[in-house]
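Topology and contacts: notes
Residue-level listing of the chains:
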Amino acid sequence: MIELDNVTKSFVVRRRAGRLRRTRTVVLACEGISFTVGAGEFVGYLGPNGAGKSTTIKMLTGILTPSSGSVRVAGLDPSRQRTTLARRIGVVFGQRTTLWWDLPLRDSLALVRHLYRIDAHDHRRRLAALIDLLDLGPFLDTPVRQLSLGQRMRGDLTAALLHDPELLVLDEPTIGLDVVTKATVRGFLAELNAERGTTVLLTTHDLGDIERLCRRVMIIDHGRLAYDGGLDRLRAMADAERMLVVDLERPGPPVEVPGVRFVRADGPRQWLAIGSGVNAATVVADVAARYEVADISLREPDIEDVVARLYRSGLPAPAPSADGRVGSTGW
Amino acid sequence: MASALRVYGLLAWTWIRAAAQYPVSMVLLALGTAVVTGLDLAAIALMFSRVPRIAGYSAPEVMFLYATSGLSFALAEIVLGTAERLGQHVRRGTLDAMLVRPVSPLIQVATEEFSPRRMGKLIPTATVLILVLPRLDVTWTPLRVLLVPMMIISGFVMFAALWVLTAAVQFVLIDGHQATKAVTYGGGFLTQYPLGIFGRDFVRGLTFVIPLAFVNWEPSLYVFGRADPLGLPTPVRFASPLVAAALCGVAALAWRAGLRHYRSTGS
């Protein structure tokens, strides 16, 4: 569905240096990115701000032309066949709406029908289904500018799906949403992928999205693809430590038992990192034997820590892109 | 082309339907636009209440130029007036949303907030044209009659091309919308007057550089049976459609170049 081969995008940035002089610097937003996403996959695309996520999305959708390398989406070249491709993909930008600010949602969706030349019957049927699934009924006649962020996002999702695209590209779809709306949106996307077989690529900073939805994760950092694979392997690769949280009866010196590293303390509560390959049960038993413990709990590393560690420590060499892929099933 | 017009019509119609939810405001706004447009006319009428001729041109002649230019301009503004917002869309990033849709962003910008209010501009100019035609002191030959719709249509196409050009410029000069207004609205304003009242070099500029003289001035000279102050040969009076076509070509190239620039640099 998506094939990127050695794609690079560079921008020339002109900065003022002195009164009239300007310096030109070439900024590489994406550098030699290659990956393949098969039909029916659900892929998360992560990276810190400015890593090149949005640039990649813009090249996939034909908004930007790559400086070099080849991009194929649904068998088309996005930069040359942008409008043909537009009929086959749906795009949602979380940060800004693709709807018309001053029009009621209902009219915005009517405009979408004409833009994509959707058959009136199909449009009515899909719209009814989406209204039902995303619960748009209460605010269909409200101008888009008056919608809450969550309502607007549901409207944007509807607008992107009315033409029944094969691929849905989402740029930070859950940004700023409350817990309930997030859950609605995630549930909806999971169902869309599972039942309609729609391929989904989403960028996010919310690791909940990734853990809940994505079987495959790609991480981009400084314009380079740094990881491409399953979630489990990402956890293992980052060698994330499990954390033992110990509540002592009273504050005391750092706990010392074999196999753990003291991290920090807050009153009687202490955080201990368990090294890889150490048996947690033994550690718990040791701590309980040597100290007066009020409570104890073990925390698995969450993906957030894993990614944070990866960003900080610099990333290992890119994994082969086929690895961890769910495969071209689902169609 | 046909499908582009069809999409334009559908989008414009959707916007009109949305505006029609407030019918009173729609009618009032259209009337307001008509009144404001008519103010220029009042100024011209006021001048002629004092003197019978301005720089040798009679009141019907000046009114004829006002009406033909105004009609062409109003038509172009109705169809493409909002194209001048392109810079805003670049700045706000809403252009990206337009680029992921299967319709030219130019059509999307141009139909934005399409409202019958835009028709308000047609009322005063069309009225003046109808009133002034029988008052012109000319012998109406078939050629003269034919020149009137020709200049209105050519003028409309030229102004439309100018609007696309100014939109294209905003791909690069994102905040250039005030400067580009000078070209479109300034052009509309200039051609309302007999160019003969301006300096010769200025008129040369309007003939050969920004060919606004072909909107109505050159063909009108033939209608009035006057000699060209610049001394250009008679066929030039009929060159408006060619100039309009050429200007369209330039505008199309500029638009493509602008879009290509945007897509290689981003916002």
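Just so it is clear, the structure is predicted and the values come from calculations on it, not from any experiment. (Residues numbered from 1 in each chain as written. Chains lettered and ligands numbered in written order. Predicted model: local features only at pLDDT ≥ 70, side-chain atom pairs only at ≥ 80, totals over all residues.)

Focus: the overall build of chain A
Rules: Helix and strand definitions follow DSSP, with helices as H or I runs of at least four residues and strands as E runs of at least two, each counted in order from the N terminus. Counting other C-beta atoms within 10 Å of a residue's C-beta gives its exposure: the residue is buried at 20 or more, exposed at 12 or fewer, and partly exposed in between, where C-beta atoms are placed from the backbone. C-beta atoms are first placed from the backbone for all residues, and any pair lying within 7 Å is then listed as a contact.
In terms of helices and strands, chain A carries 10 helices and 13 strands. For chain A, the spread of C-alpha atoms along the three principal axes comes to 75 × 55 × 50 Å. A burial count over chain A gives 41% of its 331 residues as buried. Taking the intrachain contacts of chain A between residues at least 6 apart in sequence as the baseline, contacts between residues at least 24 apart amount to 70%.

A short note on the overall build of chain B
This is how the line gets drawn: With the radius of gyration taken over C-alpha atoms, the globule rule is written as 2.2 Å times the number of residues to the power 0.38.
Each helix and strand in chain B was counted, giving 12 helices and 2 strands. Taken from N to C terminus, the helices and strands of chain B fall in the order α-α-β-β-α-α-α-α-α-α-α-α-α-α. The globule rule puts the C-alpha radius of gyration for 267 residues at 18 Å, and the 19 Å found for chain B is close to it. Dimensions of chain B, computed from the C-alpha atoms along their principal axes, are close to 55 × 45 × 30 Å. Sorting the 267 residues of chain B into buried and exposed places 41% on the buried side. Sequence separation of 24 or more characterises 81% of the internal contacts of chain B that already satisfy a separation of 6 or more.

A closer look at the packing of helix H8 (residues 142–169) of chain B against helix H11 (residues 217–224) of chain B
Residues and elements named next belong to chain B. Cut-off, in case you're wondering: Only the contacting stretch of a helix is used when fitting its axis, a line to C-alpha atoms as for every element, and angles between N-to-C directions run 0 to 180 degrees. With respect to orientation, any angle under 35 degrees is reported as roughly parallel, any angle over 145 as roughly antiparallel, any angle of 65 to 115 as roughly perpendicular, and every other angle as oblique. Take the far helix as your reference; a near helix turned counterclockwise from it by less than a right angle gives a left-handed crossing, and one turned clockwise gives a right-handed crossing. Any residue outside Ala, Val, Leu, Ile, Met, Phe, Trp, Tyr, Cys, Pro, Asp, Glu, Lys and Arg is labelled polar, Gly included; the first ten of those are nonpolar and the last four are charged.
Running from amino to carboxyl end, H8 crosses H11 at an angle of 160°, the nearest separation of the two axes being 10 Å. Overall, the two elements H8 and H11 adopt an arrangement that is roughly antiparallel. Crossing of H8 over H11 shows left-handed handedness. Only Pro219, Ser220, Tyr222 and Val223 of H11 make contact with H8, whose side of the interface consists of Arg144, Leu147, Met150 and Met151. Partitioned by chemical class, the residues of the contact of H8 with H11 number 6 nonpolar, 1 polar and 1 charged.

Looking at the sheet that holds strand E3 (residues 42–46) of chain A
Residues and elements named next belong to chain A. Heads up, the condition is: Between any two strands, pairing holds if DSSP finds at least two bridges.
Here we have 6 strands laid out as an open sheet, ordered E5-E6-E7-E3-E8-E9, and mixed in their pairing. Of all the strands in the sheet, the pair left with one neighbour each is strand E5 (89–93) and strand E9 (224–230). Strand-to-strand, the axes of this sheet are offset by a mean angle of 15°, without reference to chain direction. Together, E5 and strand E6 (167–171) form the strand contacts of helix H5 (residues 149–161), whose direction differs from that of E5 by roughly 160°.

So, the sheet that holds strand E2 (residues 22–37) of chain A
All names here are of chain A. Taken in spatial order, the 3 strands of this open sheet run E2-E1-E4, and their pairing is antiparallel. With partners counted over all chains shown, the strands left at the sheet margins are E2 and strand E4 (68–73), one partner each. Going from strand to strand, the sheet's axes swing by 30° on average, the running direction of each strand aside. Alignment of strand E1 (residues 2–16) against E4, held across 5 bridges, turns out to be antiparallel. By the bridge assignment for E4, Ile2 is matched with Val73.

Comments concerning the interface of chain A and chain B
Often, the extent of an interface is quoted as the loss of accessible area on bringing the components together. Tallying the contact residues gives 24 residues for chain A and 19 residues for chain B. Elements represented by at least two residues in the side of chain A that touches chain B include exactly helix H2 (82–86), E5 and helix H3 (105–116) of chain A. Taken together, the residues that form the side of chain A that touches chain B break down as 11 nonpolar, 7 polar and 6 charged.

Details of the packing of H3 of chain A against helix H1 (residues 2–19) of chain B
Axis separation between H3 of chain A and H1 of chain B bottoms out at 9 Å; the angle between their running directions is 170°. Classified by the interaxial angle, the pair formed by H3 of chain A and H1 of chain B is roughly antiparallel. Contacts between H3 of chain A and H1 of chain B involve Asp107, Ala110, Leu111 and His114 of chain A from the former and Val7, Leu10, Leu11, Thr14 and Ala18 of chain B from the latter. A per-class count over the contact of H3 of chain A with H1 of chain B returns 6 nonpolar, 2 polar and 1 charged.

What to know about the pairing of E3 of chain A
All names here are of chain A. For E3, the buried fraction is high: 5 of the 5 residues fall into the buried class. Side chains of E3 alternate between two faces, with Phe42, Gly44 and Leu46 and Val43 and Tyr45 buried alike. Summarising the sheet, E3 and strand E7 (residues 199–203) pair through 4 bridges and their orientation is parallel. Bridged to Tyr45 within E7 is Thr203. Relative to strand E8 (residues 216–221), E3 runs parallel, the two sharing 4 bridges. Note that in E8 the partner of Leu46 across the bridge is Ile219.

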